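Examination of the molecular architecture
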Amino acid sequence: MGPGVALLLLLLLGFSQAHLFQHEEEIPVDHLDTVDISTRILASNNNTDEILMEGDLLVPRTRNAMRCWYQSCQWKKGSDGLVTIPFTVSSEFTSWERKKIEYAMQSFHSSTCLRFVPRQNQYDFISIENRGGCFSSLGRVGGMQVLSLNRRGCLYHGIIQHEINHALGFQHEQTRSDRDQHVKINWENIDPQMAYNFYKQNTNNLNTPYDYSSIMHYGRTAFSIAYGKDSITPIPNPNVQIGQRQGMSYWDIMRINALYQC
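Residues numbered from 1 in each chain as written. Predicted model: local features only at pLDDT ≥ 70, side-chain atom pairs only at ≥ 80, totals over all residues. Heavy atoms only, no water.

1. Points about the pairing of strand E5 (residues 125–129)
Most of E5 sits out of view: five of its five residues are buried. A two-sided burial pattern is seen for E5, the buried positions comprising Phe 125, Ser 127 and Glu 129 on one face and Ile 126 and Ile 128 on the other. Sheet topology places E5 next to strand E7 (residues 144–149); five bridges connect them, and they run parallel. Residue pairing in the sheet places Ser 127 in a bridge with Val 146 of E7. (Buried < 20%, exposed > 50% of the residue type's maximum accessible area, 1.4 Å probe, protein only. Helix = DSSP H or I, 4+ residues; strand = E, 2+ residues; numbered from the N terminus. Pairing = 2+ DSSP bridges.)

2. Quick notes on helix H2 (residues 37–44)
Those residues of H2 that sit buried are Ile 37, Ser 38, Arg 40, Ile 41 and Leu 42. Of the surrounding secondary structure, the elements contacted by the buried residues of H2 are strand E6 (134–136) and helix H4 (157–168). (Contact = heavy atoms within 4.5 Å.)

3. Describing the environment of Met 144
Here Met 144 lies in strand E7. Separated by 21 residues in the primary sequence, Met 144 and Tyr 123 place their C-alpha atoms 7.2 Å from one another.

4. Overview of the pairing of strand E3 (residues 83–89)
The buried count for E3 comes to five of seven residues, which makes it a mostly enclosed element. As judged from the five bridges shared by E3 and strand E4 (residues 114–118), these two strands associate in the parallel manner. In the strand pairing of E4, Pro 86 is matched with Val 117. Looking at chain direction, E3 and E5 are connected through three bridges and run parallel. Note that in E5 the partner of Thr 88 across the bridge is Ser 127.

See below:
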């Protein structure tokens, strides 16, 4: 083998390895870092055409849909005590991406009475699609309802769980009716046009404590007008960590079991 051929082979090998590593880096990977789930969601939704409330909730069809309790928008429980939630997944997702979505769904199976099952002919179901951001409806709305997981920014375990929790009927933790006892909303650091994202809701708190570690809690700089300015500050201890990075907390799971009487 001549030196020119050997050099060409080395160059080709180097190119193929670089291409392989580049492809691997494009796959979203959950890892420990300083970016919380809500920051990822809001960044992904920055340019979406959807009309969203609180960053990732589809505007409800009815005036009172935000009061998602008294079983008005819960998924139905069968005679076997299991809550079956049919779903479809868009063919735009790769097999690896589908596995990631299904893995997040299965995390509910081990600790709750919820069971996500591929849709056959059920009327009510969740359609998981690759739309322009990460968002969901609040609770069961009837018929097909979209849960969007954009392939570029939403395929993180915690984000998938977050959006599924919305579809189950859970709102953001910092909009709880009792939130003013636990966090201070820094209105001066929030764009007035974005202030509606922090309005309190008439929530059913299911006799559970306020949970700073909930997967449904915003990070402290959500909708902030300037880098490093907190929109949310825990009280009385401002140093408490808020904004999940990984997955559901203990109380997230307890609330699912309480709401669906698992």
